[in-house]
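So you can see what is in the structure, the chains are spelled out below.
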Amino acid sequence: MVMGHGSANDQEVYGMHQRRWAVPAWAAVTALSVLVAAGACGRSGDTTARTPTTSTPSAAPQGTVWVAEEGGNALTAIDAATGRVVTTIGGISGPHNVQVSPDGSRVYAVSGKANAIARLDAGTYRLAASGPTGSGPAHVVLTPDGAKTYVTNFGDGSVSVYRTGDLTPTATIRIGGGPHGTRPTPDGTGLVVANLGAGTVDLIDTRTDKRTVAVPVDGPPVQVAVSPDSRYAYASITRPASIVKIGLRAGMTVARVAVSAAPAQVYLTPDGRTLLSADQGTEDRPGNVVSLINTESMTATGHITAGSGPHGIVVEPTGQRAWVTNMYDSTVSVLDLTARAAVATIRVGDEPNGISYSARPPAPAPARIDVVLPSPHATGDMHDHDMPDM
């Protein structure tokens with residue numbers, strides 16, 4: 001198992017998800033969507049939807065979509081019902097990932113440049129708590145009951161554990177390699193980690209905060225999704241571009257399916273029957289689709305065209321709408337899963353990565369709010385891990 005920053009190849013793969021890329025001119029407008037004039041500096045506008053030719057679009061749900069804009073050093077809150085940018089919160093430098101608490105009242109983000117975790121109040125958009133992370137924090141998640149918070153630290157091969165309320169650190173789990181994406185098991189007993197640096201998917205027991213198994217997946221895993229019954233995990237693998245199904249009880253891979261380009265995040269529909277894969281690709285060969293995979297047969301059943309470099313993805317609880325961040329053209333695509341089509345595109349800040357959904361409607365806010373993280377956390381810069389493209 002590789003400790004520290006991983007091998008040159010591991011660094012190369014990680015760089016695909018961390019670097020700030022130029023925006024391709026051809027990606028400004030697509031045939032399936034119309035850009036909303038909304039951005040990280042307070043711009044906003046109405047979403048124009050395209051009428052799909054295959055079926056009637058589902059109604060837009062109420063709620064808030066949160067986006068981590070790593071290159072823009074900000075978080076953006078989008079009204080899910082209207083597609084309008086409500087506010088942008090600056091001051092969280094290099095946020096790679098964002099996560100809303102189960103009740104929608106709190107928003108968590110990691111700052112890669114400050115090696116810190118921040119908690120915002122969803123009603124006021126103000127900083128409520130913060131704490132130190134390890135080197136190169138990648139993803140933040142909460143247990144289903146909201147009691148514990150975990151952060152994967154790619155730079156030092158660890159997972160930080162916090163008391164959710166005030167972000168007091170309670171443990172550090174050393175697993176080596178380079179842990180990146182992570183999701184809790186729905187039953188609350190486990191944390192599944194995509195250990196990109198080690199080429200494994202690791203399972204941590206959340207009752208003891210000890211790793212119980214590491215499953216080799218024959219490639220660098222970026223993110224995972226976990227089945228509703230907590231029996232299976234699905235990992236996105238960049239080389240070869242594929243999705244691997246893992247039996248968590250047996251601790252072994254059981255199936256693999258190829259996707260169109262090196263995938264970043266994956267997300268399951270609420271019934272667990274369809275997996276959505278954001279096929280990001282690379283700067284030189286960017287992907288532009290979200291692959292749809294039948295989880296029982298592990299076969300691709302189609303795709304939805306998004307923007308340039310789909311990265312983060314989230315599905316709302318009814319399973320009708322999804323949102324995907326497009327890293328190379330600074331947009332978010334709104335996907336109608338019933339019609340299997342993109343119905344709108346929302347312009348956000350630079351290099352949008354992580355994304356999270358809350359059923360709680362957004363509170364009114366100024367176009368821009370800035371917060372200040374305490375300086376003691378500023379001990380490193382995640383962009384020190386930048387490396388050549390794949």
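Quick caveat: nothing in here was measured; it's all calculated off a predicted structure.

Undergrad: Is there a simple way to explain the sheet that holds strand S20 (residues 252–258) in this structure?
TA: Backbone hydrogen bonds are what pair the strands of a sheet, in a parallel or an antiparallel way. If you trace the 4 strands from one edge of the open sheet to the other, you get S17-S18-S19-S20, paired in antiparallel fashion. Of all strands in the sheet, those with a lone pairing partner are strand S17 (221–226) and S20, marking the two edges. Each adjacent strand pair in this sheet contributes to an overall mean axis angle of 25 degrees, direction not counted. Sheet topology note: the strand S18 (residues 232–237)/strand S19 (residues 242–247) ladder contains 6 bridges and is antiparallel. Residue pairing across strands places Ser236 opposite Ile243, the latter belonging to S19.

Undergrad: I tried to follow the layout of surface pockets on my own but got confused; where do I start?
TA: Its boundaries defined by the atoms lining it, the largest pocket holds a volume of some 920 Å³. Along its surface, the largest pocket is lined by 32 residues, and Gln99, Arg183, Pro184, Tyr267 and Val315 are the ones closest to its centre. With 4 residues, strand S29 (residues 352–358) is the largest single contributor of residues to the lining of the largest pocket. Residue classes in the lining of the largest pocket are distributed as 20 nonpolar, 8 polar and 4 charged.

Undergrad: Could you clarify how one ought to interpret the sheet that holds strand S22 (residues 274–281) in this entry?
TA: Reading across the sheet, the 4 strands line up as S21-S22-S23-S24 and stay open at both edges, with antiparallel pairing between neighbours. The open sheet has two free edges, formed respectively by strand S21 (263–268) and strand S24 (299–305), since each of these has just one partner strand. Averaged over neighbouring strand pairs, the angle between their axes works out to 25 degrees when direction is ignored. Summarising the sheet, S21 and S22 pair through 4 bridges and their orientation is antiparallel. If you follow Leu268 over to S22, its bridge partner there is Leu275.

Undergrad: I keep staring at the environment of Val266 and nothing clicks. Help me out?
TA: Mapped onto the fold, Val266 is located in strand S21. Note on Val266: relative accessible area 0%, which makes it buried. Considering only alpha carbons, one finds Val266 and Ser277, 11 residues apart in sequence, at a separation of 4.6 Å. With residues near it in sequence (within four places) discarded, Val266 still touches Arg183, Gln223, Val224, Ala225, Tyr234, Ser236, Ile243, Leu275, Leu276, Ser277 and Ile313.

Undergrad: Whenever I open this one, the pattern of salt bridges confuses me. Can you help?
TA: The full count for this structure, using the stated rule, is 7 salt bridges. For Arg207, the salt bridge goes to Asp205, with nearest N and O atoms at 3.0 Å. Given the relative accessible area of 62%, Arg207 is considered exposed.

Undergrad: Hey, could you run me through the pairing of strand S4 (residues 85–90) in this one?
TA: A regular strand places its side chains so that they alternate between the two faces of the sheet. Of all 6 residues in S4, 6 are buried, a share of seventy percent or more. In terms of strand pairing, strand S3 (residues 74–79) meets S4 through 5 bridges, oriented antiparallel. Note that in S4 the partner of Thr76 across the bridge is Thr88. Between the end of S3 and the start of S4, which pair antiparallel, lie 5 residues, with Gly83 showing a positive phi angle near 75 degrees.

Undergrad: Explain the nonpolar core to me, please; I cannot follow it from the model alone.
TA: Within soluble globular proteins, side chains that are nonpolar generally end up buried alongside one another. Counting 21 residues, the largest nonpolar core has Trp66, Leu75, Ile89, Ile92, Val107, Leu120 and Tyr125 as the members making the most contacts within it. Of all the elements in the fold, those that place two or more residues in this core are strand S2 (64–69), S3, S4, strand S5 (95–100), strand S6 (106–111) and strand S7 (116–121). Per element, the largest residue contribution to this core is 3 residues, and it comes from S7. Discounting chain neighbours no more than four positions away, the residues touching Leu75 are Val67, Ala68, Thr87, Thr88, Ile89, Ile92, Pro95, Val98, Val107, Ala109 and Leu120. If you look at the next biggest cluster of nonpolar residues, it comprises 15 residues, including Val67, Ala80, Val332 and Ala344.

Undergrad: In this structure, what is going on with the packing of aromatic side chains? I would like to understand it.
TA: When we look at a pair of aromatic rings, we describe it by the centre distance and by the angle of the planes. Counting across every chain of the model gives 2 aromatic pairs. Seen from their ring centres, Trp66 and Tyr125 are 5.8 Å apart, and the 45 degrees between their planes marks the pair as tilted. Taken together, the positions of Trp66 in strand S2 and Tyr125 in the loop between S7 and strand S8 (127–132) put the pair 59 residues apart, joining distant regions of the chain. The class for Trp66 is buried, based on a relative accessible area of 2%. For Tyr125, a relative accessible area of 2% translates into the label buried.

Undergrad: Can you walk me through unusual backbone geometry in this structure?
TA: Both trends apply: most residues other than glycine have a negative phi, and most peptide bonds are in trans. Here the residue pair Arg239 and Pro240 is connected by a cis peptide bond, since its omega of -10 degrees sits within 30 degrees of zero. One can find Pro240 in the loop between S18 and S19. At Met298, a residue that is not glycine, the phi angle is positive and equals roughly 50 degrees. If you trace the backbone, Met298 turns up in the loop between strand S23 (286–294) and S24. Under the relative-accessibility criterion, Met298 is labelled buried at 6%. Even without being glycine, Glu351 reaches a positive phi, approximately 55 degrees. Take Glu351: its relative accessible area is 1%, and that puts it in the buried class.

Undergrad: Help me understand the confidence of the model for the chain in this model?
TA: Caution applies to low-pLDDT regions: their predicted coordinates should not be interpreted in detail. Mean pLDDT over the chain works out to 86, with 82% of the residues at or above the 70 mark. Segment residues 19–54 is flagged for pLDDT under 50; beyond a separation of four residues in sequence, or across chains, it makes 91 contacts in the model.

Undergrad: Sorry, what's going on with empty space enclosed by the protein here?
TA: Picture a little ball the size of a water molecule; that probe, rolled over the atoms, points out where space is still empty. For the structure shown, the criterion picks out 3 cavities of 30 Å³ or more. What the second largest cavity holds in volume is close to 50 Å³. Residue lining of the second largest cavity: Thr64, Trp66, Gly104, Ala122, Tyr125, Ser358, Arg360, Pro361, Pro362 and Ala363, and that is the complete set. For the lining of the second largest cavity, the class distribution of residues is 6 nonpolar, 3 polar and 1 charged.

Quick notes on the rules
- Residues numbered from 1 in each chain as written.
- Predicted model: local features only at pLDDT ≥ 70, side-chain atom pairs only at ≥ 80, totals over all residues.
- Heavy atoms only, no water.
- Pairing = 2+ DSSP bridges.
- Helix = DSSP H or I, 4+ residues; strand = E, 2+ residues; numbered from the N terminus.
- Axes fitted to C-alpha atoms, helices over the stretch in contact; angles between N-to-C directions.
- 1 Å grid on protein atoms, 1.4 Å probe; cavity = no way out; pocket = protein on both sides within 12 Å on 5 of 7 lines; lining within 4 Å.
- Points joined across faces, edges and corners; volume = space filled by probe spheres on them.
- Nonpolar A, V, L, I, M, F, W, Y, C, P; charged D, E, K, R; others polar.
- Buried < 20%, exposed > 50% of the residue type's maximum accessible area, 1.4 Å probe, protein only.
- Contact = heavy atoms within 4.5 Å.
- Salt bridge = Lys/Arg side-chain N within 4 Å of Asp/Glu carboxyl O.
- Core = buried A, V, L, I, M, F, W, Y, C linked by side-chain atoms within 4.5 Å.
- Phe/Tyr/Trp six-rings, centres within 6.5 Å; stacked < 30°, edge-to-face > 60°.
- pLDDT = per-residue confidence, 0-100.

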